[in-house]
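Structural overview for review
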Amino acid sequence: PGRCEGRGWFELERKGGHIWSQAFGGGGGSMSSALKTKAHYRLFIVLGFACLAHSAYSSIQYHKHLRMVGEDYTGSPLDILFEILIGFCLCAFGILNTANDLLPIKMAQTFQNKTVEDYLFRPEYVTFNHRGRVVGKM
């Protein structure tokens, strides 16, 4: 007999006995706050890329309009530049908050057990097919 014998699916989920209900924050079927925030930050990334794509499309349309009217291109309008800036900020904010915490670089631990010979020895440059072999036979 397994541990689920005699219990219904809803009872397991309500009591937190099922692995999925434990993974997503206990009973009730709600996701944990960490998963919610990651999803929110991914939404910032998607919105940022959508904003950048729209600004690119707007810029292309602006160039086409200038060609039809016969005017010279002097620069993008401010609304397109602001849209690019907002899209970049949304993407940067989402990516920086979606990434895991940065780990400190511990250079002292990495290099304390190595000697100078360890750094100078490069096996990829060691070759035995050179003129010293021919000179040694003379």
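Residues numbered from 1 in each chain as written. Predicted model: local features only at pLDDT ≥ 70, side-chain atom pairs only at ≥ 80, totals over all residues. Heavy atoms only, no water.

**Focus on the overall build of the chain**
Scanning the chain from terminus to terminus reveals seven helices and zero strands. If you list the helices and strands of the chain from N to C, you get α-α-α-α-α-α-α. Expressed as a percentage of its 138 residues, the buried residues of the chain come to 13%. As displayed, the chain offers around 11900 Å² of accessible surface, 64% of which is attributable to carbon and sulfur atoms. (Helix = DSSP H or I, 4+ residues; strand = E, 2+ residues; numbered from the N terminus. Buried < 20%, exposed > 50% of the residue type's maximum accessible area, 1.4 Å probe, protein only. Areas by Shrake-Rupley, 256 points an atom, 1.4 Å probe, with all protein chains shown as cover.)

**A closer look at the packing of aromatic side chains**
Think of a pair of aromatic rings as described by two things: how far the centres are apart, and how the planes are tilted against each other in angle. Scanning all chains against the criterion turns up three aromatic pairs. Judged by centre distance (5.6 Å) and plane angle (75 degrees), the ring pair of Tyr 41 and Phe 93 falls under edge-to-face. Residue Tyr 41 is located in helix H3 (residues 33–69), and its partner Phe 93 is located in helix H4 (residues 78–98); the two are separated by 52 residues in the primary sequence. Both rings, one in Phe 44 and one in Phe 93, keep their centres 5.1 Å apart while their planes meet at 85 degrees; by these two values the pair is edge-to-face. With Phe 44 in helix H3 and Phe 93 in helix H4, this pair connects stretches of sequence that are 49 residues apart. A relative accessible area of 30% places Phe 44 in the partly exposed class. The partly exposed category is assigned to Phe 93, whose relative accessible area is 39%. An aromatic cluster is defined as three or more aromatic residues linked by ring pairs; in this entry it consists of Tyr 41, Phe 44 and Phe 93. (Phe/Tyr/Trp six-rings, centres within 6.5 Å; stacked < 30°, edge-to-face > 60°.)

**Things to note about H4**
Compared with an ideal rise of 1.5 Å per residue, which puts 21 residues at 30 Å, H4 spans 30 Å between its outermost C-alpha atoms and is within 8% of the ideal. Along H4, the residues that are buried comprise Ile 80, Glu 83, Gly 87, Cys 91, Gly 94 and Thr 98. Looking straight down H4, one finds its buried side chains confined to an arc of 70 degrees; they lie on one side. Away from its buried face, by an angle of more than 90 degrees, H4 presents the exposed residues Leu 78, Phe 82, Phe 88 and Leu 96. (Expected span 1.5 Å × (residues − 1). Arc of directions from axis to C-beta.)

**So, the confidence of the model for the chain**
Mean pLDDT over the chain: 76, with 70% of residues reaching 70 or higher. Throughout residues 1–31 the model reports pLDDT below 50, and contacts reaching past four residues in sequence, or to other chains, amount to 26 contacts. (pLDDT = per-residue confidence, 0-100. Contact = heavy atoms within 4.5 Å.)

**Here's the deal with the state of the cysteines**
Tallied over the full model, the rule gives zero disulfides. We note that Cys 51 lacks a disulfide partner, and the nearest cysteine sulfur, in Cys 91, lies 8.4 Å from it. Its relative accessible area of 17% is what places Cys 51 among the buried residues. Of the residues examined, Cys 91 reaches a relative accessible area of 6% and is grouped as buried. (Disulfide = S-S within 2.5 Å.)

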